[in-house]
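Residue strings, one per chain:
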Amino acid sequence: MTEAILLVGGKGTRLRPLTVHTPKPMVPAAGVPFLTHQLARARAAGVEHIVLATSYLAEVFEPYFGDGSALGLHLEYVTEEEPLGTGGAIRNVASRLHSGPDDPVLIFNGDILTGLDIPALVDTHASTGADVSLHLTKVTDPRAYGLVPTDDTGRVLAFLEKPQTPEEIVTDQINAGAYVFRRSVIDTIPLGRPVSVERETFPDLLSAGAHLQGMVDSTYWLDLGTPAAFVRGSADLVLGRAPSPAVPGRCGDRLVLPTATVASDAKLSGGTVVGEGAFVAEGARVFGSTILAGAVIEPGAVITDSLIGSRARVGERSVLTGTVIGDGATVGPDNELLEGTRIWCDAQIPAAAVRFSSDQ
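All of the points below concern the structure found in this document.

Rules used in this analysis
Per chain, residue numbering runs from 1 following the sequence as it is written. Where totals are concerned, whole chains, interfaces and linings use all residues; where local detail is concerned, this predicted model gives features only for residues with pLDDT of at least 70, and gives and counts side-chain atom pairs only at 80 or more. Only hydrogens and water are removed before side-chain values are computed, so all heavy atoms of the structure are retained for them. Elements are defined by DSSP. Helices are runs of H or I of four residues or more, strands are runs of E of two residues or more, and each kind is numbered from the N terminus. Between buried and exposed lies partly exposed: a residue is buried under 20% and exposed over 50% of the maximum accessible area for its type, with that area taken using a 1.4 Å probe on protein chains only. A pair of strands is labelled paired if DSSP reports no fewer than 2 bridges between them. Put simply, the grid is 1 Å and covers the protein atoms alone, a cavity is a trapped set of points that fit a 1.4 Å probe, a pocket is an open set with protein on both sides within 12 Å along at least five of seven lines, and lining residues have an atom within 4 Å of a point. Grid points are joined across faces, edges and corners, and a volume is the space filled by probe spheres set on the points. For this classification, the nonpolar set comprises Ala, Val, Leu, Ile, Met, Phe, Trp, Tyr, Cys and Pro, the charged set comprises Asp, Glu, Lys and Arg, and every other residue, Gly included, is treated as polar.

**Focus: unusual backbone geometry**
In this structure, the amide linkage connecting Arg16 to the following residue, Pro17, adopts the cis form with an omega of 10°. Tracing the chain through its elements places Pro17 in the loop between β1 (3-7) and β2 (28-29). Positive phi is not limited to glycine here, since Asp305 has a value of about 50°. For Asp305, the location among the structural elements is in the loop between β22 (302-304) and β23 (307-308). The class for Asp305 is partly exposed, based on a relative accessible area of 36%.

**A word on the sheet that holds strand β30 (residues 348-349)**
Taken together, six strands build an open sheet; the order of strands is β15-β18-β21-β24-β27-β30 and the sheet is parallel. Since the sheet does not close on itself, it has two edges, and those belong to β15 (261-262) and β30, each with one partner. Bridging between strand β27 (residues 330-331) and β30 involves two bridges; their strand directions are parallel. In the strand pairing of β30, Val331 is matched with Ile349.

**Focus: empty space enclosed by the protein**
Going through the model one piece at a time under the given rule, you end up with two cavities of 30 Å³ or more. In this structure, the largest cavity encloses a volume near 200 Å³. Lining the largest cavity we find 17 residues, and of these Gln38, Phe108, Ile112, Thr114 and Ile118 sit closest to its centre. Of all the secondary-structure elements, those providing two or more residues to the lining of the largest cavity are α1 (34-44), β6 (104-109), β7 (112-114) and β11 (173-182). The dominant element in the lining of the largest cavity, judged by the number of residues it contributes, is α1, at four residues. In terms of residue class, the lining of the largest cavity is made up of ten nonpolar, six polar and one charged. Here the second largest cavity is characterised by a volume of approximately 40 Å³.

Pasting the structure below:
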């Protein structure tokens, strides 16, 4: 297998304000845009040609990655004028593929961090003679995902979107967002209109008698769609829990990029990342968090499981837990921001303006 399609057109609305100025796949995780990890893993698996299906903020991708030669890849970019959904995006880039009708084409979503054994998925596809093969993973609570029951041989029996009642939960196997398509199957997807592979393409293929094969791979898997998940994924990359050849440094408790400055008595742990040009002052404590380029953490601030946007500032003694601070925002001294708080880009929070506990 030598080529793949990478779906990177989504708006990343669940990640806002991180995605106000940056498309989701370009938000840094473990020091580099998240997309870098996916491209590097694909290359390590033998993929040589990747077509990026772009839409939202499409102009950002090519200036950063160019033709892909720095990663040992040949990259091409196709931009949707109107969002086409997962299936529509796949069909929209089909003309850029070089594969023959029966060749395998790898397709993966731009917001999944996974340790998937890519060659094993391709081998499963070949050995079973499938039209489409799907990476499946097992989850404890499948209600937020599409269920994919299979028979004893792994052949897909149905697609059940986001079941809610106990009776509807017939399996703990979910669609994990990576596929191998027979090249000719891609051409059967309608051209020029929105299509969902989950809700339309896969069910239609099943109805037509096509062979859809599931492969359960329960290695590391995380949907990075929410801020909490994105922060955790970045930390797991730094800690070495999630595999990637693109982490710019040795795995460990922290990753400090070369032009960042960290005071000698500041404490960084839990997979914390400090981006280029960022500054962490004396007495600050940062656990499991991402500090993006040019951000400033002032003395005595305590930051846990949070993401601080580029050029943002967190004031002295402020305590942030499970919080996202947008690019260029300022949180004044002595604030307390807890789980789920999102401060928008360039917002200004005065000193001691927000608290969840007494100021005494």
